[in-house]
Amino acid sequence: MRQFHFLESPVLEDSITTYPEGGDNKITRKITKTSPGFELTSEEEKIGKVWINDVQYFDNVPEIAWEFYIGGY
């Protein structure tokens with residue numbers, strides 16, 4: 001558990017997500033009813049994109065990770 005917390009675990013090197021688009025890395029995407037921030041790209045695999053701005057996104061994010069609540073948020 002300590003290795004995960006300090007990002008030292010070798011398991012973390014095998015990421016399932018990608019960050020394919022270059023850019024300024026600024027988070028400008030606001031989550032609204034018309035722009036939820038998460039776009040499901042595979043109904044079968046239940047994975048999608050998490051948009052941070054109009055160009056950049058994290059890809060292959062499991063829907064269950066997007067819907068996971070921490071501390072009531």
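This write-up is about the structure you can find in this document. (Residues numbered from 1 in each chain as written. Predicted model: local features only at pLDDT ≥ 70, side-chain atom pairs only at ≥ 80, totals over all residues. Heavy atoms only, no water.)

## Considerations on the packing of aromatic side chains
Counted by the stated rule, this structure contains three aromatic pairs. Centre to centre, the rings of Y19 and F58 are 4.7 Å apart; their planes meet at 35 degrees, and the pair counts as tilted. With Y19 in the loop between α1 (2–5) and β1 (38–42) and F58 in strand β3 (residues 57–62), the pair connects residues that are 39 residues apart, well separated along the chain. Judged by centre distance (5.7 Å) and plane angle (15 degrees), the rings of F38 and W66 are stacked. Of the two residues, F38 sits in strand β1 while W66 sits in helix α2 (residues 63–66), which places them 28 residues apart along the sequence. F38 sits in the buried class, given a relative accessible area of 11%. Under the relative-accessibility criterion, W66 is labelled partly exposed at 32%. Above the face of the Y57 ring, K49 is positioned so that its terminal group lies 4.5 Å from the ring centre. (Phe/Tyr/Trp six-rings, centres within 6.5 Å; stacked < 30°, edge-to-face > 60°. Helix = DSSP H or I, 4+ residues; strand = E, 2+ residues; numbered from the N terminus. Buried < 20%, exposed > 50% of the residue type's maximum accessible area, 1.4 Å probe, protein only. Lys NZ or Arg CZ within 6 Å of the ring centre and 35° of its normal.)

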